[in-house]
Each structure stands twice: as C-alpha cells, then as structure tokens.
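So the chains spell out like this:
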Number of protein chains: 2
Amino acid sequence: MNTPSVSPSPLSAEQLQTLDAWWRAANYLSVGQIYLIDNPLLEQPLALEHVKPRLLGHWGTTPGLNFLYAHLNRVIKAHDLDTLFITGPGHGGPALVANAWLEGTYSEVYPKVTHDRAGMQCLFKQFSFPGGISSHVGAETPGSIHEGGELGYSLSHAFGAAFDNPGLLVVCVIGDGEAETGPLATAWHSNKFLNPARDGAVLPILHLNGYKIAGPTVLARIPHEELEALLTGYGYAPYFVEGDAPIAMHQRMAAVLDEVIQQIRLIQQRARSEGVGVRPRWPMIVLRSPKGWTGPKEVDGQRIEGTFRAHQVPMGNMSQPGHVRILEDWTQSYRPRELFDDAGRLLAQIAALSPAGNRRMSANAHANGGALLVDLKLPDYHDYSVEVPGPGTTVAEATRVQGEFIRDVIAGNPHNFLVFSPDETNSNRWNAVFEVTDRCSIAEILPEDDHVATGGRVMEMLSEHQCQGWLEGYLLTGRHGFFSCYEAFIHIVDSMFNQHAKWLKVSSEIPWRRPVASLNYLLSSHVWRQDHNGFSHQDPGFIDHVVNKKAEVIRIYLRPMPTRCCQSPTTACAAATTSMS
Amino acid sequence: MNTPSVSPSPLSAEQLQTLDAWWRAANYLSVGQIYLIDNPLLEQPLALEHVKPRLLGHWGTTPGLNFLYAHLNRVIKAHDLDTLFITGPGHGGPALVANAWLEGTYSEVYPKVTHDRAGMQCLFKQFSFPGGISSHVGAETPGSIHEGGELGYSLSHAFGAAFDNPGLLVVCVIGDGEAETGPLATAWHSNKFLNPARDGAVLPILHLNGYKIAGPTVLARIPHEELEALLTGYGYAPYFVEGDAPIAMHQRMAAVLDEVIQQIRLIQQRARSEGVGVRPRWPMIVLRSPKGWTGPKEVDGQRIEGTFRAHQVPMGNMSQPGHVRILEDWTQSYRPRELFDDAGRLLAQIAALSPAGNRRMSANAHANGGALLVDLKLPDYHDYSVEVPGPGTTVAEATRVQGEFIRDVIAGNPHNFLVFSPDETNSNRWNAVFEVTDRCSIAEILPEDDHVATGGRVMEMLSEHQCQGWLEGYLLTGRHGFFSCYEAFIHIVDSMFNQHAKWLKVSSEIPWRRPVASLNYLLSSHVWRQDHNGFSHQDPGFIDHVVNKKAEVIRIYLRPMPTRCCQSPTTACAAATTSMS
C-alpha cells in the first residue's frame, strides 16, 4: 500500500523555469481578476483607483489549480494527450479563465477580450462584475463541462465523460471541501465501472488545502496513513505531492505526473491487448498545498496563506492603510515584466508550454460535446405498438414494451448510448435490454450473477447521485443516455437536476456552445401502487419540481392510461430535460 | 491495520442453543409474515389456503437482521447496555416486527396483537396487507427512529442519536446496497465529530449479502484487503464475521461483540477519565452472510439462498407444484414446536434472552424521543429587538441579530441543543455563537483554526445530507437543533425533507409516539444577491417544495423587510418543519 516511488527531479532547469513562469502568469492574472480594474501590467505604481470598488471571488483554491494546469500542459505536450480538465472547486474560476486566456482560447471565443494589454484589462474588469462573467467555472468558461458551484459531482462527471471515450484522459481536481459531500464520497467507486479497454482514463487529483470556508476539512486532518488507506480502499494507487516550496513542488509534481501517465498507459495497453482482466488499480494524486499559496503571508497581523482567511478575498477593505502596498508587493512577486511584453502578450518562450489547437484543455473538443453529437439511430416506434383490437381486451405493460425499444436503441448505437439506474432496470420492466447487453462491472463477477459483464452498457450503482452525475458527464461530452429510476427517489437529485437545467439555459445563450442531447428520465414505481414498500416509496413531487422550468429546457411525457392496460405495479412516466434541440 | 484477534468460542452450549433458538424463532415469524395468513403454528399440514393470496415483502436481508438482534440481546443483558437499533435495510421490516413481538413490546403497544397463537396469526396477516402494516421499519414499528425506505441515512441518524447521549450505544446496520449511496459513503466520517466523553457510541455493522436488488454490490465485490483498507481509512477498526454455518457464525459473532463492547468501554473510560485526546479508532463489524440465509437453497432449479433471487419473496407463485412443500420444509426447518408452546407463546428459556423493560431494543426510550423531550430554555426574544427610531435610520443584519439569540440558546441549553451547518455559520452571520462555543472536531486541530474544539456545539461538515441526517437523528431521540444553510443548496436534502415530513405525519397518528421538536432551517444566501457566486448559487425553490405539505407538518417564516434594513448579502428566512406540538 506504499506509494510507488518516482524519480526525484525530472525537470531540466529550463523546463522548471518555463513551468514556474506559466504558473506565475496564471496566478498574476487570477489576482488581477479579483482585484484590478485598471493598470493591468502595473505600469504605474498601484493606487486605490486601480482596485475594483467591490472585491469578489475566491483566491484560496486558485494557485493550486494554476499549478496543476501548468504541469498538465507539460505532459499533454510530451505525450500528445487528449485531456479534459474538470474543476471540482469551481469557485476557482479565475484560474481557468486565466489559463484559457494564456492559451489564446479565451480571445478566440470572446474576441473582445484580446490577447494584449487591453484584453487583459477587460479580463480583469469583467470578472464578477456587473455585465461581466460569473466567478465559477460556468458554461461561459471554455473547456468546462462542470461549473462546480454546488459541490459533489466533479468525479461522477469525470467518469461520465470518460465512458466510451477510449482516447480521453479526464483530469478531475477534487477540493477537500467537496470531498466531504456524499456524492463525491461514493463517486470514488466509479472505478468499478470504468472499462480500461472501452473507456478513457480518469485521473483524480485530491487537492488538500486544509479548509472549506471557515472550518478545517476532514481529509486534511486525518493521519497520512489513514488517508492512504482510504484511497487505497477506494481502489486507487495514490501518489502524494505535498509541500509549499515551489521548486521542490514542481519537481515532485512533474515526477509524479510522468509516473502516473505511464501507469495509465500500461493499464490501457494491457486491457486492450490482453482483454479486461482483474480490475486495475488506477493511479491518483493527492496535492497538499497551502490555501492561498503564494498570496500574502499576513495582513493586519493575521496569517493569511495556509489559513481559512485565504478562502475568498484575502484583503477585503483596500482603503485600509497599507493594503494597496500589500497588493502591489503580492502582484509584483510574480514578476509580471518577466512574463508579459510591453503589449501585454505572454512571452513566446512561456507560451510554448501551451499545447496547440484542441490539445489545449481550454479548447478540448469534448468540453463542447454538442459539437461532437451524433444523432441516435432510432428504430421506428410504430414497430413497438401494442395491438388493441377492442376496448378492455389487451393486457400489457407500458415499460416492458419500452424496454424492447431501448434494447434496440442499445443494439443500434453501441458506442454512444448508455442506460443508468440505481438497480431498477428489472423492476422498471426494461428486462429486454438484457437480451443485447449486461450490467457493467469491472469488480468481481460470480457465476450466479444475472447479466453482469465488463462490457455491459447498463450502468447500475445504488446512488441516484452517481447515475445522474455519470449521465450528465456522458451527455455534456456529446453522447446520449437514459436514467431509469423510481418516482419517489428521483427527488434525491432535485438539486442536480436544477443545476443541470441552469447549465443548459446558460449554454443556450452562448453562441459557441452547441446543444447537447436531452437528459431522459423514466420514472416508474409510482405513488399509486406501493404494496411492497409503503409510504416511504410514495412521492409524486418531481414533476412539480421539473415543471417550473421553461419549456426550452424541460418536457414531460405522461403515457396514456387506457382501462385495464395497467396490470403491474409498474407504469411509465418519462420526464425529460432537453436542450434547445 | 489487521483485525484485532478475539477469543474463538466464547459461548457455552446452553448460550449457543438459546441464541440459535431466538434466531430461528425470529426467522420463523419473518417467513410467516411474508407468506402465511392462517395455520401460524403449522398445526396442520401446510396447504395453499394458508398462504396469502398476494405475497409481498423482502426476505433477503431479514435473517441477517434477526441474527444480529439475537446476538445484541445477549450482550445487552450481559453488560446492561442502553441500545438503540437502527436498521439501514429498512425493508427487512419483518425482522424488527418479529423481534418486537418476541420481546413482548409489540403486544404492549398494539394490544390486539397478543403474544399467543391468535396474535401470531394477526401478526402474520397484517404484514403488507390492506389495513395492516408497512413492510419497512416505519414509525409504526416500536424501537425504530429510521424507516429505511429511501436508503442512505442510517449512519447519519445513528450519530445524531448518539450526540449528547453519553450512556447510549447506537447499533447501526448498513446494507451493502445502502453503502453505495453518497450520503452513507460520507456518513462514515461522522467519527470525526463524535466526542467519546460527551457523546454515546455508534457501532456500525456493515452487512454484506452481496446484492442490492438484481445486481451485485460494490463492497461485496472488492478484495478483503481493499475493504479493510477502506474501513480503516474511514477511521474504524473493522472486525469481520463471515460465513454461513450457523454454529461457527454464532461463536464468531459472540466473540466479536464481546471484544467490540470492551473496546467501546475502554475508549469511553479513557476519554472520560483522561480527557478527549487523539481521536479513537472506534470498532465496527462487517457481517458477510448469504442473502436469504437459511431460506430455500433452490426453487424450480434456480439457486435462491446467496443470490439476488432471495431479495424479495423467494417463491412468488405458490400455486406452482411443489412450492407449498418447499415453504413447509422451510418453515419446519426452524423447528417451531421447539420454540413456541401450544398456546403460541415463546418458550420461557428462549424468552430469557430478552432484556427487560426499556433495555429491550424494541422498547428503547430514545426511539420515542418525544417522550424524553425537555423544553428549551429560551431567552425573551424582545431583548434582541433592533431599535428603529425612524424610517430609514437603522442599518442592521437580521441573521446577525438572530445569531445573538442562538448564542444564548446554546448557552442556556448546554446538553440538548446543537447547530448543524455545511460550514455556513459565519457566512450566514451567526458569528455570535462562537462567543460561547466552537465548531466541533475530534480530528486534528491546528493553532490557526478558528473556534474549533472537541467540545464545540456547532457541527459543521460540508455535506447537507450529513447535517440533515445528524439533526434528524438528534431530534428523533428527543432533542432540539437548527440547520443553517444556503437557500440554493438546501435542495440537496429535498428528498430527506420529504421523508422526515412523512415520518412526522405517520407518527402523529400513532398514539404511543410523542411529538418531537421541530426541524428548523435558516436559509440565507438568497437568490437575489449572489455577487460572489452567480447562477449556481441561485434557487428560491425550497419554499415551493416545503409549502405543499400540510400546516400540521410545516411552517414558513419570512422576516419583515423594512427599507434599508438589509445591507449585507445575507438575509434571513427560516422554514421549519414542526410536529403537531
């Protein structure tokens, strides 16, 4: 259970310099977004009038995100990786915006934010500003499929994105605050459903910076060996990168990333040449770094870096004596004149760290999944009609018939359609799907199991959060799917549904975002028939919850209810969120 | 990280016989509830007309629950333990009803279900029958505070019940299906918030029986060392009881329970004599037993025991040739004539396993928390009024003032009032509470932490599920509390809110259940002001979700909004569920 060893110092002096310069540039741009409205290159001595009148944003997690982004760029270029970056701590928005601007993507999708001095000023001003951009990694942020405002779903989204994407590496940063949520705590087990031959890889990076908002985090305050046991118990091989000295941290992170990429390649090669055997122990990384790393050590006699005080804006009241000076020292500590030329453009030798085109994480094609969307090949639904020769003469089950339709959708679309359910495929009467596929499991399979196989296209875990999160990740990267659930328990994902609907709404207003496929629910086990289960299983309220959204975002379908056409406790009701398509 | 060793065979032949007899009696009564409508003592050869016309219920988990109940009775008597039993797999309702009947509690609270032949027949007939009882461990079930219909909250409820109850042992059975849910996956971390001096103990028992409904479970299909690492990583010392041979399993479970009780006592004695030091490694148990243990091995050529087919009713269609015979063999395998006398009463030597009075888990006083409820000592709210000498002259923050009130409630009620929050106490402006208490943590505490202490009465974990689950457990065992949250993210517990409201509704109709205290929410960070956060943090829908319940169950309070009396992004809105009181 020990962390495998890695080479100590893989970076040359030049590589180290470039990496550190990128990191400083991203940190500089992040601080600029939070604080500055003018004087973006610090060409004049910093003064109060250069500072925004109202300071908003979250600094704490940002430098860690920038550190990871820079290092990932190095390995993406070295290994030509197709990499999607998912930001669990989505309030680190400044980091993702900064990196997208450094990579040029930001100016490509938002031409008014040019890659120069004026654009930099615009970049700074627009952040969390009236008429500007949100502080989170929302749909407006190029490269994002995950806003990270409501915490808990980053890792489920990451695995959903990786399913059926064998060439994709999904890097998922998980904050230690988010790691306390239930959905995230069970999302680690997604590795029992990731097929190393069919699917891509997910690299979770647990970022421990010690505090959520004001209080300490659980995973930062348990002994090292306990954390290692936990992550090993989740089925991963954890690699630790811990400290605060930049040079040592750069070398260590580079060494770990090299090792981790090699491990992922080995796992995939083995599965793809020898077949999917024993579930692999996928690597993951624990990054322990100070909250607000490289920010002010102290303000007004209070420690900032490494404490909960670094969570949002380290200095709120800039009219306090000395605060402008602290901000100037802080921003100058990144040595912007060594990073940007007089025109405000990133120096070429630093910009060379960026991958090209769609290899840039901010321009990864999978992050705008609608553009990759391929229409489902659907059978003619007339072929599934139930003959009703006269009133009251036919006994049939709506969802059993629907299961036959879904079976044929699965068969006709073997690479871009999945069914998700908390083990309700059978009880919702979709049994026919097992004529053409199985439940997916990469964990141990026993002979007495019913239709369980490593290649199954029915993803069943007893977590509505996980099913919803997987499906969202799958859809947002341009595929199709269906969530089969019980009516009462779909309330478990009320809040996820809302957040997804908000993402769709905002996306529909962004010209470069293409519409993704609808998120389809089958809701059965209705309130009216609960002989087995009773009151706990009765709740018709999800339709109320859904129907208050606009018709551009949701559709509800209720099946017709002819007399005597409902002989089983299972009936069909489908509510679907849909994009503008 | 190895499981500590335990003595191999602690039970005498007589103890073993009594334990096994109790287990058989409970299993017999469970099968009877699922299948029989007549001939409860099998005095006549079993015939189809003795079988219910419609078979409902869940057998799979039931024998494991009965096994645990019998063994707990032994240690409760041996050590005079005050023990609350929480049934995560709540659809094992027949088990809890059976044990309550064996202990006499059932007949005490429902006099028509007498402890004799006629009562047994009534017990059998009423289960999942029109006009009868629910199949889950609902509010009707004596000894229950947890229905277990919607899965995921058993362990949070258990810890909530243990807070501020130093004399209580809460045993919490967690099914391996439930263990896949997000809320349960993070609930394990509750041990970082349980103070061994101030609080009671929680003994989690993870019951691995291999399948959820039709599919295999995650935790049953990972290697032993991985499961052990996971549970160790969660901070527990796991003890394993694995197998299917009854005698060996009895000895092993008895040995493990003896050891576990001793470990719990040692942890508590140390903390209570020497003070709360390093967080203890609380013991827990993994019970791995076949699904549908002791049920039919095979029906119609298909394996039942140990497979997913044992989940509900092993034989659905009793008119099939031979099925009545299988049922007769099955029920007779428990040798009912050695368990019950001719009048249908449990034989005295077996009944002697039961503890007396409120030591019976089915009669535990904490499971009817309303009967233990002590009114809060509340300060006069007039003392907190904000002076408004004239319109538009006062600047104040509603929740900051409320925080002063809550501060004084905490101070005045040091043993039966707690505040729960996903780290939003400060941002919701209840800062004043930290004048009299701290955030609670039994994990590592650093000097730079802000008001964190082992004795803190503010329970902050970044999981709305955990906060809600803890608070429900705390309230249902007769105490008071407040949940401070953001408006948008309270949707995360929509479904938990519904289930709690249903529990309150049903409880209000049960004469022996006494009303518990209201579940109070403070919802702040409203939709209207989200400068820091944006769209992801905007959602005013929880009030809609709440307000569709009847006024007997919910109340909503909106604070008055005088002009200029809201200068901060934080405003106050409290929605409260309340019992009939």
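Remember, predicted model here, so these are calculated numbers, not experimental data.

Draft legend 1. Structural context of the sheet that holds strand β3 (residues 201–208) of chain B. Residue and element names in this part refer to chain B. Pairing within the open sheet is parallel, and its 5 strands lie in the order β1-β2-β3-β5-β4. Sheet topology places β1 (82–87) and β4 (237–242) at the edges, where each strand pairs with a single neighbour. Between one strand and the next, the sheet's axes are offset by a mean angle of 20°, whatever the strand orientation. Sheet topology note: the β1/strand β2 (residues 168–175) ladder contains 6 bridges and is parallel. Of the residues in β2, the one forming a bridge with Thr 87 is Val 173. This element, helix α6 (residues 154–162), spans β1, β2 and β3 of the sheet and lies at about 175° to β2.

Draft legend 2. Molecular detail of the nonpolar core. Membership of the largest hydrophobic core comes to 316 residues, with the highest contact counts inside it found for Tyr35(A), Phe340(A), Tyr35(B) and Phe340(B). If we ignore the near neighbours within four places in the chain, the residues touching Phe340(A) are Ala25(A), Tyr28(A), Leu29(A), Leu41(A), Trp101(A), Leu102(A), Met120(A), Arg345(A), Leu346(A) and Leu347(A).

Draft legend 3. Examining the interface of chain B and chain A more closely. Listed as interface residues are 92 residues of chain B and, on the opposing side, 92 residues of chain A. Counting each side, the surface lost to burial between chain B and chain A is near 7000 Å², with a carbon and sulfur contribution of 57%. There are 6 salt bridges connecting chain B and chain A. Between Arg279(B) and Glu226(A) there is a salt bridge, with its nearest N and O atoms 2.8 Å apart. For the pair chain B and chain A, the interface holds 35 residue pairs in polar contact (both at pLDDT 80 or more). Counting residues per element, the ones that place at least two in the side of chain B that touches chain A are α7 (182–187), α8 (224–233), α14 (494–508) and α15 (542–547) of chain B. Top contributing element to the side of chain B that touches chain A by residue count: α14(B), with 7 residues. A breakdown of the residues in the side of chain B that touches chain A according to their chemical character gives 33 nonpolar, 32 polar and 27 charged.

Draft legend 4. Region of the structure containing the environment of Ile267(B). Residue and element names in this part refer to chain B. By the element assignment, Ile 267 lies in helix α9 (residues 246–274). By relative accessible area, Ile 267 is classed as buried at 9%. Counting along the chain gives 259 residues from Ile 267 to Pro 8, while the straight-line C-alpha distance between them is 23 Å. Each residue touching Ile 267, except ones within four places of it in the same chain, is listed here: Pro 196, Pro 280, Arg 281, Trp 282 and Pro 283.

Draft legend 5. Examining the pattern of salt bridges more closely. Residues and elements named next belong to chain A. According to the stated counting rule, one finds 50 salt bridges over all chains in the structure shown. Between Arg 407 and Asp 408 there is a salt bridge, with the nearest N and O atoms lying 2.8 Å from each other. Judged by its relative accessible area of 23%, Asp 408 is partly exposed. One continuous salt-bridge network, built from bridges that share partners, spans Asp 164, Arg 198, Asp 199 and Arg 457.

Draft legend 6. A look at the packing of helix α2 (residues 62–79) of chain A against helix α3 (residues 93–102) of chain A. Residues and elements named next belong to chain A. Their axes nearest at 8 Å, the elements α2 and α3 cross at an angle of 35°. Note on packing geometry: the crossing formed by α2 with α3 is right-handed. Counted together, Thr 62, Leu 65, Asn 66 and Tyr 69 of α2 and Pro 94, Ala 95, Leu 96 and Asn 99 of α3 form the full contact between these two elements. Among the residues forming the contact of α2 with α3, the class breakdown is 5 nonpolar, 3 polar and no charged.

Draft legend 7. Summary view of the sheet that holds strand β3 (residues 201–208) of chain A. All names here are of chain A. Overall, parallel pairing links the 5 strands, which are arranged β1-β2-β3-β5-β4 in an open sheet. Across the chains shown, the open sheet's two edge strands, defined by having one partner strand only, are β1 (82–87) and β4 (237–242). When strand polarity is set aside, the average angle formed by the axes of neighbouring strands in this sheet is 20°. The sheet contact formed by strand β2 (residues 168–175) and β3 spans 7 bridges and is parallel. In the strand pairing of β3, Leu 169 is matched with Ala 201. Along the sheet, helix α6 (residues 154–162) makes contact with β1, β2 and β3, crossing β2 at roughly 175°.

Draft legend 8. Looking closely at the environment of Val506(A). For Val506(A), the location among the structural elements is in helix α14 (residues 494–508). Separated by 14 residues in the primary sequence, Val506(A) and Ile492(A) have C-alpha atoms spaced 24 Å apart.

Draft legend 9. Seen up close, the side chain of Glu147(A). Among the secondary structure elements, Glu147(A) is positioned in the loop between α5 (117–126) and α6. Here Glu147(A) is buried and forms no salt bridge, its nearest opposite-charge partner Lys502(A) lying at an N-O distance of 7.6 Å.

Draft legend 10. Representation of the pairing of strand β13 (residues 519–524) of chain A within the structure. Residue and element names in this part refer to chain A. Here β13 lies mainly inside the structure; 6 of its 6 residues are buried. By the alternation rule, side chains of β13 split into Leu 519, Tyr 521 and Leu 523 and Asn 520, Leu 522 and Ser 524, which are all buried. Bridge count for strand β12 (residues 480–486) against β13 is 6 bridges, and the pairing is parallel. When the bridges of β13 are listed, Phe 482 appears paired with Asn 520. Crossover β12 to β13 through α14 is right-handed.

Draft legend 11. Spotlight on helix α9 (residues 246–274) of chain A. Taking 1.5 Å of rise per residue, the 29 residues of α9(A) would be expected to cover 42 Å, and the 41 Å separating its terminal C-alpha atoms lies within 8% of that figure. Where α9(A) terminates, the next one or two residues include Gly275(A), which has phi positive at roughly 95°.

Draft legend 12. Focus on helix α10 (residues 323–332) of chain A. All names here are of chain A. Looking at α10, one finds that the buried residues are His 323, Val 324, Leu 327, Glu 328, Trp 330 and Thr 331. Seen from one end, α10 has its buried residues packed into an arc of 165°, which puts them on one side. Where α10 is buried, its residues contact α1 (13–35) and β6 (298–299).

Draft legend 13. Looking closely at the relation of the copies chain B and chain A. Each copy superposes on the other: chain B lies on chain A with an RMSD of 0.0 Å after a rotation of 180° and an axial shift of 0.0 Å. In symmetry terms, the pair is related by a two-fold rotation axis. Closest approach to the rotation axis within chain B is made by the C-alpha atom of Gly182(B), at a distance of 1.9 Å. The overlap is high: 100% of the interface residues of chain B also sit at the interface in chain A, so the same surface is used on both sides.

Draft legend 14. Focus on the packing of aromatic side chains. On inspection of all chains with the given rule, the structure shows 51 aromatic pairs over all chains. Where Trp23(B) meets Trp293(B), the ring centres are 4.6 Å apart and the plane angle is 55°; that geometry is what we call tilted. On the criterion of sequence distance, the pair formed by Trp23(B) in helix α1 (residues 13–35) and Trp293(B) in the loop between β5 (283–288) and β6 (298–299) is long-range, its members being 270 residues apart. Judged by its relative accessible area of 2%, Trp23(B) falls in the buried class. Members of the aromatic cluster, joined through ring pairs, are Trp188(A), Tyr234(A), Tyr236(A), Trp188(B), Tyr234(B) and Tyr236(B). Sitting over the ring of Phe535(B), Lys502(A) keeps its end group 5.4 Å from the ring centre.

Draft legend 15. Spotlight on the side chain of Glu226(A). Looking at where Glu226(A) falls in the secondary structure, it is placed in helix α8 (residues 224–233). A distance of 2.8 Å separates the side chain of Glu226(A) from the side chain of Arg279(B), its partner in a polar contact. Beyond its immediate stretch of four places on either side in the chain, Glu226(A) contacts Lys192(B), Thr232(B), Gly233(B), Tyr234(B), Gly235(B) and Arg279(B).

About the cut-offs
- Residues numbered from 1 in each chain as written.
- Chains lettered and ligands numbered in written order.
- Predicted model: local features only at pLDDT ≥ 70, side-chain atom pairs only at ≥ 80, totals over all residues.
- Heavy atoms only, no water.
- Pairing = 2+ DSSP bridges.
- Helix = DSSP H or I, 4+ residues; strand = E, 2+ residues; numbered from the N terminus.
- Axes fitted to C-alpha atoms, helices over the stretch in contact; angles between N-to-C directions.
- Contact = heavy atoms within 4.5 Å.
- Core = buried A, V, L, I, M, F, W, Y, C linked by side-chain atoms within 4.5 Å.
- Buried < 20%, exposed > 50% of the residue type's maximum accessible area, 1.4 Å probe, protein only.
- Buried area = accessible area lost by both parts, 1.4 Å probe.
- Salt bridge = Lys/Arg side-chain N within 4 Å of Asp/Glu carboxyl O.
- Polar contact = N/O pair within 3.5 Å; in protein donor to acceptor, adjacent residues only side chain to side chain.
- Nonpolar A, V, L, I, M, F, W, Y, C, P; charged D, E, K, R; others polar.
- Left-handed = near helix turned anticlockwise from the far one by under 90°.
- Lys, Arg positive; Asp, Glu negative; His and termini not counted.
- Right-handed = clockwise from strand over helix to strand, strands pointing away.
- Expected span 1.5 Å × (residues − 1).
- Arc of directions from axis to C-beta.
- Least-squares fit on C-alpha atoms with pLDDT ≥ 70 in both.
- Phe/Tyr/Trp six-rings, centres within 6.5 Å; stacked < 30°, edge-to-face > 60°.
- Lys NZ or Arg CZ within 6 Å of the ring centre and 35° of its normal.

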